[in-house]
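Chain by chain, the residues:
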Amino acid sequence: MQDNQHKLQLMYILPNLFTAASAFLGIISIIASVRGYIAASAGLVEEANGYFFKAIIYIVLSLFLDGLDGRVARLTKTTSKFGVEFDSLADIIAFGVAPAMLFYFTVGHSFGRLGSLVAALFVVFGAIRLARFNVMTGTYEPSVFIGLPIPTAAIVSAFWVGLSLEYDFTRSAEWFLLFLQILLSVLMVSNIRYPSFKKIDLKKAHFLRILVGLTVAFSVIYIYPIEAVTALMSVYVSYGIIRYVFMRCKNKKNQKESE
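Residues numbered from 1 in each chain as written. Predicted model: local features only at pLDDT ≥ 70, side-chain atom pairs only at ≥ 80, totals over all residues. Heavy atoms only, no water.

**Q** What is the right way to read the overall build of the protein chain from this model?
**A** Counting its secondary structure elements, the protein chain contains eight helices and two strands. Along the protein chain, helices and strands appear, N-terminal first, in the series α-α-α-α-β-α-α-β-α-α. Among the 259 residues that make up the protein chain, the fraction classed as buried is 38%. For the protein chain, the proportion of contacts with a sequence separation of at least 24, taken over those separated by at least 6, is 80%. (Helix = DSSP H or I, 4+ residues; strand = E, 2+ residues; numbered from the N terminus. Buried < 20%, exposed > 50% of the residue type's maximum accessible area, 1.4 Å probe, protein only. Contact = heavy atoms within 4.5 Å.)

**Q** Would you explain the layout of surface pockets in this entry?
**A** It is a probe the size of a water molecule, rolled over the atoms, that shows where empty space is left. There is about 400 Å³ of room inside the second largest pocket. Of all the secondary structure elements, the ones that give two or more residues to the lining of the second largest pocket are helix H1 (2–41), helix H2 (45–75), helix H3 (81–106), helix H5 (150–167) and helix H6 (171–188). For the lining of the second largest pocket, the element with the highest residue contribution is H2, accounting for four residues. The class makeup of the residues in the lining of the second largest pocket is ten nonpolar, five polar and two charged. (1 Å grid on protein atoms, 1.4 Å probe; cavity = no way out; pocket = protein on both sides within 12 Å on 5 of 7 lines; lining within 4 Å. Points joined across faces, edges and corners; volume = space filled by probe spheres on them. Nonpolar A, V, L, I, M, F, W, Y, C, P; charged D, E, K, R; others polar.)

**Q** For this particular structure, what's the right way to read the UniProt feature "transmembrane region" (unreviewed entry) in the protein chain?
**A** Here, UniProt's "transmembrane region" (unreviewed entry) annotation points to residues 12–38, 50–68, 89–107, 113–131, 143–163, 175–194, 206–224 and 230–246. Counted over residues 143–163, helix gives 67% and strand 14%. Its end C-alpha atoms are 31 Å apart. In this annotation, residues 230–246 is assigned 100% helix and 0% strand; the end-to-end C-alpha distance for the span is 24 Å. (UniProt positions renumbered as here; feature names shortened; annotations may be inferred.)

**Q** Where do I start with the nonpolar core in this structure?
**A** Proteins that are soluble and globular tend to have nonpolar side chains buried together. In terms of nonpolar packing, the biggest core is built from 48 residues, with Ile59, Leu102, Leu148, Leu184, Tyr194 and Val237 touching the most fellow members. Those elements that place two or more of their residues in this core are H1, H2, H3, helix H4 (113–136), H5, H6 and helix H8 (225–258). Of all the elements, H5 adds the most residues to this core, at eleven residues. If near-sequence neighbours (up to four positions away) are discounted, leucine 102 is found in contact with Ser33, Phe52, Ala55, Ile56, Ile59, Ala158 and Val161. (Core = buried A, V, L, I, M, F, W, Y, C linked by side-chain atoms within 4.5 Å.)

**Q** How do you make sense of the side chain of aspartate 66 when you look at a structure like this?
**A** Mapped onto the secondary structure, aspartate 66 falls in helix H2. When residues no more than four places from it in sequence are discounted, the contact partners of aspartate 66 are Ser22, Asp87, Asp91, Phe95 and Pro151.

**Q** So what exactly am I meant to see when it comes to the packing of H4 against H5 here?
**A** With their axes 10 Å apart at the nearest point, H4 and H5 run at an angle of 155° to one another. The pairing of H4 with H5 is recorded here as roughly antiparallel in orientation. On the side of H4, the interface is formed by Phe122, Gly126, Arg129 and Leu130, while H5 contributes Ile150, Ala153 and Ala154. Tallied by class, the residues present in the contact of H4 with H5 amount to five nonpolar, one polar and one charged. (Axes fitted to C-alpha atoms, helices over the stretch in contact; angles between N-to-C directions. Parallel < 35°, antiparallel > 145°, perpendicular 65-115°, else oblique.)

**Q** Mind showing me how you'd approach the packing of aromatic side chains here?
**A** The description of an aromatic ring pair uses the distance of the two centres, along with the angle that the planes make with each other. Counted according to the given criterion, the structure contains five aromatic pairs. A ring pair is formed by tyrosine 104 and phenylalanine 105, whose centres lie 5.4 Å apart and whose planes are at 75°; its orientation type is edge-to-face. With relative accessibility at 15%, the residue phenylalanine 105 sits in the buried group. Here the aromatic rings of tyrosine 194 and tyrosine 236 are separated by 5.3 Å at their centres, their planes lie at 35°, and the arrangement is tilted. With tyrosine 194 in strand E2 (residues 193–195) and tyrosine 236 in helix H8, this residue pair connects regions lying 42 residues apart in the sequence. (Phe/Tyr/Trp six-rings, centres within 6.5 Å; stacked < 30°, edge-to-face > 60°.)

Quick look at the structure:
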């Protein structure tokens, strides 16, 4: 009996270990961004970029761990309220503070107080997004997200920063990155719906197409990792906006016709 209880306790610890590791990598990402800023201030551009790319890699690794903790909890039937709250706290570090600091230390600091404000809004709106998700879970269809998920916003922000470092964007492009950070922040707290891929239909009729599509996608990502991921995630973000505008126009047209 005691052995069974001991095993059950260990099973509850396992998914939370993944969550803790995700938060840990978020902190390491922040430290890497700070080191990159220090190196850049000293004129060591290559060394600074190395730290910034490490910060991006840590955010990506946090994303994988964040995806694992929930799946492990469901597989082992060890989901708990503590795990949900702990996951949200880890997410605000890994996908809120870490990408915000990466943005600030690469681009935002050159805009003074405006850059500080934009970085802070990303974290605050990300926290609001997580709180709303926890409260609304189970009240809407599981096939969509209400508002842009914070991990998606983090990856889009981090990879656009990486793209700017890879291709040495000009000063005018920094305004684009600033606007993008504001847009991502607003999208997180918006009512725009984004598709969820948690329940992909893997029936035989679709299996081959999904396999071919994933193979092609991973091949492109292998050759052009930063460019491919940035493009794919940007398309996902744009899809939600375009769909929202289209549905609004369609609804207005239907209202006029009914009147």
